[in-house]
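# Results of the structural survey
Here is how the chains run, residue by residue.
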Amino acid sequence: MNKFVLIDGNSIAYRAFFALPLLNTDKGVYTNAVYGFTTMLLKVLEEQQPTHLAVAFDAGKTTFRHETFKEYKGKREKTPPELAEQLPVMRDLLKAFRIDSIELDQYEADDIIGTLSTQVAEDEEWEVHIYTGDKDLLQLVNDHVTVHLTKKGITNVDTYQPKQVDERYGLTPAQIIDLKGLMGDSSDNIPGVPGVGEKTALKLLNQFHSLEGVYEHLEEVSGKKLKEKLQDNEQEARMSKQLATIYREVPLTLKPADLARGEVDEQAVKQLFKELEFQSLLSKFGGDVEEKVAMENLTITVLSNDAPLLDKHLHSPSALYIEMLEENYHVGEITGVAIANAAGIFYMSADYALKNDHFKAWAEDDQTVIYTFDAKRTVVALGWKGIQLNGITFDVQMASYLIDPSAGSHEIADITSRKDGKQVQTDEAVYGKGKKQQLPEENELAQHLGRKAAAILDLQESLKKELEDNHQWQLFEDLEMPLSVILGRMEAHGIAVNQSELENMGEDLTKRLDELEKKIHEAAGETFNINSPKQLGVILFDKLKLPVIKKTKTGYSTSADVLEKLKGEHEVIDHILFYRQLGKLNSTYIEGLLKVIHPVTGKIHTIFNQAVTQTGRLSSTEPNLQNIPIRLEEGRKIRKAFIPSQEGASLFAADYSQIELRVLAHISKDENLIQAFKDGMDIHTKTASDVFGVSTDEVTSTMRRTAKAVNFGIVYGISDYGLSQNLGISRKEARTFIDRYFESYPGVKKYMEDVVEEAREKGYVTTMLQRRRYLPDLTSRNFNQRSFAERTAMNTPIQGSAADIIKKAMVDMSRAMKEAELSSVMLLQVHDELIFEVPEDEIKTMEKLVKEIMESTVELNVPLLAEMEHGKTWYDAK
DNA sequence: GGAGCGTGCAA
DNA sequence: TATTGCACGCTCC
C-alpha cells in the first residue's frame, strides 16, 4: 500500500502567514509563513507516515485560466512582499527534507495536485491525502482520495471523504464545481451568478443536480427574480464552472511513483532551522519529531455571581491582565479581567471584577505581588475605576523591551512565540482589526485572556533571568519599574488647558488661512487644494514653470526647504510657506488638542510610551506633548493654552543644558571637550574657535551656527553628506569641518571608531545604565544599511545615556517631592526637560530641589547643568 | 476604511 | 546620504 501526500504549498503558506504574527529573525528575515508551514509539514509527516510526498506551488502570474477569463484572480491583492520572500525559503526547506516541490508554468498548484491524484485515484494500491486551505480541492475527493482542509490556525484540519462532503454540502465531490459556478468566488474573482450565494446554490443543485441541469429546467426554478438572474448570467455561470474545474491532465514529467520519500538531510534541516531561529523546532528535531506543536490545554475558570471569586483564588504572586480594545486607556472601557496564579487561571467579566470587593481589596493590598503586561496601562485603567493597584513587581512588556527594544510590538503573543512559552493568539486573530474589531463570545474571550495571564506568569521567571544575565536587573527594578508608576501618575493627573484660548486662536487662524488661500488661488489663476503636494506641484512646476529642485518618489517635492530656495521666483511662494505654517498649527495643534480634551476632567491626558523607542527615550501620544511648537513665535503661542490646574500655581520648566554633548564628553573621555564643560564655556562657540582656528572672541555668529550644526552631526553619527545638506554647503567643505573637528577632539574620534568596532564584535551597544540595542546590520553587505547601523552605534549610547539620566532624575525627584511633602506635581517630560506645576509658595523650594537633583542624579566627569524658568502658562516658563 | 506617502513639529 | 519620535491631510486601493 502506498500512501501519497500532496500539499498545496501556496495555500498553506498564505494561511500560515495570516494566522501567525509577522515573526522575523535578528537579521530581519520574515519567517512566520515558513514556520507555520513547517509545523504543519512535521505534523503531517508524523500522522500520515507517507510513502510518497510532494508539495505543489503556483507558477507565475498568468495561467491557462486567464485565456478564458482575463480578470481571473483580478481583484486579489498581490502577494505581500513579506510573504513572497518566504516562498523560496520554503522550497529550500523542502529540499533539505528531500521532498519534491512541483510547479509548472501556466498551471496552478490545484491542477498539479489534481493531475497527480487522478493518476492513482482508481488504484487500490494507492491512498491519497491532500492538504490545502482551498475548498475547491474537494472536487477531487473519492474513496481513495481524502482532502484535509485547514480550519482556524494551520495545524487544525477538517478531513473530507465523500461522506463528509455529503454531510457538509449535501453534494457529491463532482458537484463542487457546479456550486462554484453558481455562487462564484470573490477571492478568485470568479463571478458566478450575482445574488446567488451558497444557500441558493445548494438548493438549486439539490433539485437539478448540476449547473447544466439548472439551465435545462430553468422554467421549473421557483422565484421570478432568481430565474431572471440565472437567465441573465448564464454565460458567466458556465464560465465560472469552467474556471473552478481543476485540470487533471497537466503535462508533468514526474509520476506519482517518482515521488517516493527520500531520507531527510538532517544536517541541512538543522542548519536552516538555526538560521531561521526556530529554536523549538530545532530542539524537537534534535530529539524526535513526534511532539505535537498544538496549543496546550489550559483550564480557565470563569468566575461570576454564580461561581464567585473567593480568597482561595487570590494568591500572591499572581499575573493580572486587564483587557481593553481601545489603545487609549484613559477613555477605553475594560472588557475583561484575568488572573493566573498557583490556584489556577481565572477569568472575570469587567462588570463583575470591578464591582467585586474581594478583588479590590486584593488589588489594593501592597503585600500582593503582581505581574503584568504593561504595568502603567493596568494601573491607570484600574485607577480610572477607583481601584489603586499597588504591588506590581514585574512587567513582562518592560522586560521584553529592555532585553531587545527592536523586538517589535511587544504584544504578549509575540513574546510567547519568541520565548517559546505558553501559546497565545494574537489580538488581531481574536478581535479582528480596524472597524471590524469586536469581542468574541465570552468563552473565547475567557480563553484568550486566561492564556495571556498564564503567559505572563510563565514568562516572569525566564525574563527575569535574562535581565540578570544582561546586567539589566537594576535598570529594570530601580529605574523603569518605578518610573512607570510615576509616568502613570503624570498621565492620570493630566495637564490643564485653556479651551477658549485654543478656540480663539483657532478662529483667528481659520480667518487668516481663508485669506491666504484666496491670495494663493488668485496668484495661481485657479483654485486647487493647497494641502495636496500633488496638486501644488502641478501648479508650481508645470503651470508656473518654477525650477524643480528635488523630486520625491511620487513626483515633485514641495517641502519647506525646496520652497525656501524658490523664494523670490514667484510671490506665491511666501504665501504658500505661510499657509503651510498656519495650517500646521491649526490642524495638528489647535484642532488636534481640542479633540483630546478629556470629557470628564477637561484636561489633557497624554500617554507616555515607555517601550517604543530604540534608544530608551519616552514617546508621547494622543496627544504628543513632546512636540508642541517653540521655535517660531506664532507656534510658540500654543503654549499659552497650557496652564496650571491648581489655583495660583505656576508652570515650571527645568531643562538639562547640552546633556548629549556632556554625555559624549563623559563617554569619550575627550580631554578638550571635558575641559570646555568644566570651564563652563558656550560649547558651540568653543567648537567654532577650534574648527575655525580663531580665539573665542573672534567667533562670528555664522561660525557659531556652523559649529552648532557640526556638534549636532557628531551626536547623530556624522556623515559629510548629511552635514552638507544641513548647512547648504558642498560635501567637500563639510568634510573639512568634520576633519577639523576630529583634529581638535581626538578622543571623540577614537570613541566613534571604538564604539562601532565593539558593537560589531558584540552585536549590540549599551548605555551608561546598561540599556541595550542590537545592530545586526553592522555586518550588512548593503552600504546604506551598514552605514546607518554605524551611525546608530555612535548615536545610541549618547541619546540613550541622556535618556537614562533624565529618567533617573525623575525617579529621584518624585521621591524627593514626596519626602518634602510638596504639593507640586510633575506633569511632563520632553527628553531633556521636566515640566511641573508648582504652587506659588513652593517655587523657591522647587528651584533649589530640582536643580540639586537633576544635576546630581548621576556623576559624570563633566558637570551636569540644569536651568529652570516658571510662569503663569507654559509659554511664560521661558 | 486602511495603508502609505509627504510633510512638519519636537528634542 | 544626520538621531529619536508622532500626527496631520491626501491619495490610492
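Chain A goes by DNA polymerase I in an unreviewed UniProt entry, where it is assigned to Salisediminibacterium beveridgei. According to the UniProt record, the Subunit (unreviewed entry) comment for chain A reads "Single-chain monomer with multiple functions." Recorded in UniProt for chain A, the comment headed Sequence similarities (unreviewed entry) runs: "Belongs to the DNA polymerase type-A family."

With that settled, consider the sheet that holds strand β20 (residues 649-656). Think of a sheet as strands paired side by side through backbone hydrogen bonds, with each pair either parallel or antiparallel. Taken together, 4 strands build an open sheet; the order of strands is β23-β24-β20-β25 and the sheet is antiparallel. Single-partner strands in this sheet number two, and they are β23 (825-829) and β25 (866-871). This sheet shows a mean twist of 25° between the axes of neighbouring strands, independent of strand direction. Where β20 lies against strand β24 (residues 833-839), 7 bridges are found, and the strand directions are antiparallel. Paired with A654 across the strands is L834, a residue of β24. Most of the contacts of helix α36 (residues 843-856) go to β20, to which it runs at about 20°, and overall it touches β20, β24 and β25.

Glancing now at helix α5 (residues 87-96). Within α5 the residues assigned to the buried category are L87, V89, M90, L93, L94 and A96. On the buried face of α5, the contacting elements are α1 (9-19), α2 (32-48), β2 (52-56), α4 (81-84), β3 (100-102) and α13 (266-275). Directly after α5, the chain includes R98, whose backbone phi takes a positive value near 60°.

Contact geometry of helix α34 (residues 746-762) with helix α35 (residues 783-819) gives a least axis separation of 9 Å together with a crossing angle of 105°. Relative to α35, the element α34 is oriented roughly perpendicular. For the pair formed by α34 and α35, the contact residues are Y751, M752, V755, V756, A759 and R760 on the first element and E790, A793, M794, P797 and I798 on the second. Taken together, the residues of the contact of α34 with α35 break down into 9 nonpolar, no polar and 2 charged.

Around DNA strand B there are 24 residues in total, and G434, K435, T558, N627 and D832 lie nearest to it. Taking all atoms of DNA strand B within 4 Å of the protein, the share assigned to sugar and phosphate is 81%. Within the contact set of DNA strand B, a phosphate oxygen lies 3.3 Å away from a backbone nitrogen or oxygen of K553. T558 places a polar main-chain atom, nitrogen or oxygen, 2.6 Å from a phosphate oxygen of DNA strand B. Looking at the surface near DNA strand B, the element that brings in the most residues is helix α26 (residues 572-595), giving 3 residues. Tallied by class, the residues present in the surface near DNA strand B amount to 7 nonpolar, 9 polar and 8 charged.

Now for the pairing of strand β1 (residues 2-8). Among the 7 residues in β1, 5 count as buried, and that is most of the element. Of the strand pairs in this sheet, β1 and strand β4 (residues 126-132) are connected by 6 bridges, and their pairing is parallel. Residue V5 lies in a different strand from β4, and its bridge partner there is H129. As paired elements, β1 and β2 share 5 bridges and run parallel to each other.

Before going further, it helps to examine α36. Here α36 is 14 residues long and its end C-alpha atoms lie 20 Å apart, about the 20 Å a rise of 1.5 Å per residue gives. Along α36, the positions that sit buried rather than exposed are I843, M846, L849, V850, I853 and M854. Projected onto a plane normal to the axis of α36, the buried residues spread over an arc of 125° and lie on a single side. Away from the buried face of α36 by more than 90 degrees, exposed residues K844 and K848 are located. Buried positions along α36 lie against β20, α35, β24 and β25.

Attention now moves to the domain arrangement of chain A. Taken domain by domain, chain A consists of domain 1 (2-169 + 246-259), domain 2 (285-473) and domain 3 (496-604 + 613-643). Its C-alpha centre places domain 1 at a distance of 37 Å from the equivalent point of domain 2.

Here we take up the pairing of β24. Counting buried positions over the 7 residues of β24 gives 7, a clear majority of the element. Here β24 shows two buried faces, one formed by E833, I835, E837 and P839 and the other by L834, F836 and V838. Alignment of β23 against β24, held across 4 bridges, turns out to be antiparallel. Looking at the pairing, M826 lines up with F836 of β24. Linkage of β23 to β24, two consecutive antiparallel strands, is achieved through a turn of 3 residues, within which H831 is found at a positive phi near 70°.

This paragraph deals with the nonpolar core. Residues L320, F359, F642, L664, Y741 and F836 are the most contacted members of the largest nonpolar core, which totals 182 residues. When residues of this core are sorted by domain, at least three fall in each of domain 2 (285-473) and domain 3 (496-604 + 613-643). Y741 has contacts with L664, L673, T687, V691, V710, N711, I714 and V748, leaving out every residue within four places of it along the chain. Counting residues in each nonpolar core, the second largest holds 48 residues, with L6, I112, L137 and V214 among its members.

Looking now at the UniProt feature "coiled-coil region" (unreviewed entry) in chain A. In this numbering, the UniProt entry assigns the feature "coiled-coil region" (unreviewed entry) to residues 499-526. Helix makes up 93% of residues 499-526 and strand 0%, with an end-to-end C-alpha separation of 37 Å.

Conventions we followed
Residues numbered from 1 in each chain as written. Chains lettered and ligands numbered in written order. Predicted model: local features only at pLDDT ≥ 70, side-chain atom pairs only at ≥ 80, totals over all residues. Heavy atoms only, no water. UniProt positions renumbered as here; feature names shortened; annotations may be inferred. Pairing = 2+ DSSP bridges. Helix = DSSP H or I, 4+ residues; strand = E, 2+ residues; numbered from the N terminus. Axes fitted to C-alpha atoms, helices over the stretch in contact; angles between N-to-C directions. Contact = heavy atoms within 4.5 Å. Buried < 20%, exposed > 50% of the residue type's maximum accessible area, 1.4 Å probe, protein only. Parallel < 35°, antiparallel > 145°, perpendicular 65-115°, else oblique. Nonpolar A, V, L, I, M, F, W, Y, C, P; charged D, E, K, R; others polar. Near = heavy atom within 4 Å. Polar contact = N/O pair within 3.5 Å; in protein donor to acceptor, adjacent residues only side chain to side chain. Expected span 1.5 Å × (residues − 1). Arc of directions from axis to C-beta. Domains from an automatic or database assignment. Core = buried A, V, L, I, M, F, W, Y, C linked by side-chain atoms within 4.5 Å.

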